Amino acid sequence: MRARLLLPGFLLIFMVSVFLSGCGTATQNAQGTAPAAATHTESTPAASSEKRVIKHELGETEIVGKPTRIVVMDFSFADALATLGVAPVGISDDSDANLIIPEVKEKVGTYTSLGSRYEPNMELISSLAPDLIIADLNKHKAVYDKLKQIAPTIVLNDHQANYEHMLANYTVIADAVGMKEEGKKRLDEHQAKMEAIKAKLPKTDAKLKVLPAVVNPTGFFAHSNASYAGSLMEYLGLEDAAKSEEAYPKTNLEQLVALNPDVLFLMKTGDKTIVDEWKTNPLWQNINAVKNGKVFEVARNKWALSRGLIGSELSSEEAVTLLSSK
């Protein structure tokens with residue numbers, strides 16, 4: 001009789017155990033972990049917990065997993081993320097979204113403007129709760145300690161980078177965002193595109209002396225062979241007229257005449273520039289580029305600000321097209 005009374009209790013305990021076991025399995029599957037694949041995935045660190053140390057201009061930064069809330073403090077970093085299909089939550093765009101080239105803007109989508117690249121708004125950056133900040137050595141070295149208190153921060157030499165240095169920076173960024181292999185693939189695609197563009201350069205234009213330059217109302221800033229734009233032109237097989245260790249030497253009219261470029265690529269910052277004044281000076285007519293009708297106006301955001309794979313491809317294609325047109 002006693003055995004008969006205990007049997008229903010035992011069955012009840014057994015049924016509850018089976019039910020609880022089933023609930024545990026359902027919860028695990030809801031989190032995206034399939035029991036059949038558990039053995040395989042446990043041998044490899046999960047993407048959300050993978051740690052890697054990124055070396056940059058100001059030391060080393062440990063990053064865990066794939067950052068999802070990234071703040072970039074210059075245009076070229078937005079270009080890099082765009083090629084990887086990553087949308088930053090904040091961009092230092094000098095409070096002007098039009099400074100981001102359309103080909104990048106359409107990929108990064110909606111973001112919070114962080115204002116000036118030169119005067120970071122720490123409170124605004126912090127309010128975005130970033131899990132990665134990408135900053136420039138020349139503009140942000142002084143605030144690096146403050147930035148890394150907000151989130152893991154990598155600092156790259158971007159403003160003074162030439163074309164080759166930009167490519168190296170791209171590799172660092174791809175690794176930092178957990179997309180190293182995707183970065184390698186896109187870099188291979190970029191190099192193939194650039195070789196194809198280079199092959200279209202007319203042979204008669206090889207070794208032309210060219211000079212990209214930013215011009216504003218008070219100055220003419222040559223982009224030398226040490227600069228991004230200048231070294232990019234040299235990669236295409238052209239020669240930068242301004243040989244200098246300084247990336248952006250301020251140049252007067254007499255110096256420009258002495259450089260005597262065959263082609264000028266002028267990046268205007270506004271409607272009126274110092275070139276409007278120089279055009280009234282007889283010396284201006286002594287420059288080969290002027291005499292031969294090879295003074296071209298090009299977009300500064302494409303040629304100088306978006307120092308990345310997309311910007312390089314677009315400006316190189318434009319340079320070859322312009323040279324072929326005259």
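Placed above this text is the structure.
Criteria and thresholds
Residues numbered from 1 in each chain as written. Predicted model: local features only at pLDDT ≥ 70, side-chain atom pairs only at ≥ 80, totals over all residues. Heavy atoms only, no water. Helix = DSSP H or I, 4+ residues; strand = E, 2+ residues; numbered from the N terminus. Buried < 20%, exposed > 50% of the residue type's maximum accessible area, 1.4 Å probe, protein only. Contact = heavy atoms within 4.5 Å. Areas by Shrake-Rupley, 256 points an atom, 1.4 Å probe, with all protein chains shown as cover. Core = buried A, V, L, I, M, F, W, Y, C linked by side-chain atoms within 4.5 Å. Polar contact = N/O pair within 3.5 Å; in protein donor to acceptor, adjacent residues only side chain to side chain. Pairing = 2+ DSSP bridges. Axes fitted to C-alpha atoms, helices over the stretch in contact; angles between N-to-C directions.

Participant: Run through the overall build of the protein chain, naming residues and quoting values.
Facilitator: For the protein chain, the helix and strand inventory stands at 15 helices and 12 strands. Here the protein chain holds 326 residues, and the buried ones make up 45% of them. A fraction of 63% describes how many contacts in the protein chain between residues 6 or more apart in sequence connect residues 24 or more apart. A total accessible area of about 16,600 Å² is found for the protein chain, and carbon and sulfur atoms account for 54% of it.

Participant: Run through the nonpolar core, naming residues and quoting values.
Facilitator: Among the nonpolar cores identified, the biggest contains 59 residues, and Ile70, Val72, Val104, Ile134, Tyr163, Met233 and Phe265 are the most heavily contacted of them. Ignoring any residue separated from it by four or fewer positions in sequence, one finds valine 104 in contact with Ala78, Asp79, Ala82, Ser306 and Ile310. Residues Leu211, Ala242, Leu264 and Trp284 belong to the second largest nonpolar core, which totals 18 residues.

Participant: Can you break down the side chain of serine 227 residue by residue, with the values?
Facilitator: Examined against the element boundaries, serine 227 turns out to sit in the loop between strand S9 (220-222) and helix H10 (228-235). Only 3.0 Å separates the side chain of serine 227 from the backbone nitrogen of glycine 230, close enough to count as a polar contact. Apart from residues lying up to four places away in sequence, serine 227 is in contact with Ala161, Asn162, Ala247 and Tyr248.

Participant: Explain H10 to me, using residue names and the numbers behind them.
Facilitator: With seven of eight residues buried, H10 is to be regarded as a mostly interior element. What H10 keeps buried is the set Tyr228, Ala229, Gly230, Ser231, Leu232, Met233 and Tyr235.

Participant: Account for the pairing of strand S6 (residues 132-136), with residues named and values stated.
Facilitator: In terms of residue burial, S6 counts as a mostly covered element, since five of its five residues are buried. Here S6 shows two buried faces, one formed by Leu132, Ile134 and Asp136 and the other by Ile133 and Ala135. Here S6 runs beside strand S7 (residues 153-156); their pairing, made up of four bridges, is parallel. Residue pairing across strands places alanine 135 opposite valine 155, the latter belonging to S7.

Participant: Give a detailed account of the sheet that holds strand S5 (residues 112-113), specifying residues and quantitative values.
Facilitator: Read from one edge to the other, the open sheet built from five strands follows the order S5-S4-S3-S6-S7, with strand pairing classed as parallel. In this open sheet, the two strands that pair with only one neighbour each are S5 and S7. Helix H3 (residues 75-83) contacts strand S3 (70-72), strand S4 (90-91), S6 and S7 of the sheet and is inclined by roughly 140° relative to S3. In the packing of helix H8 (residues 163-176) onto the sheet, the strands contacted are S6 and S7, and the crossing angle to S7 comes to about 170°.

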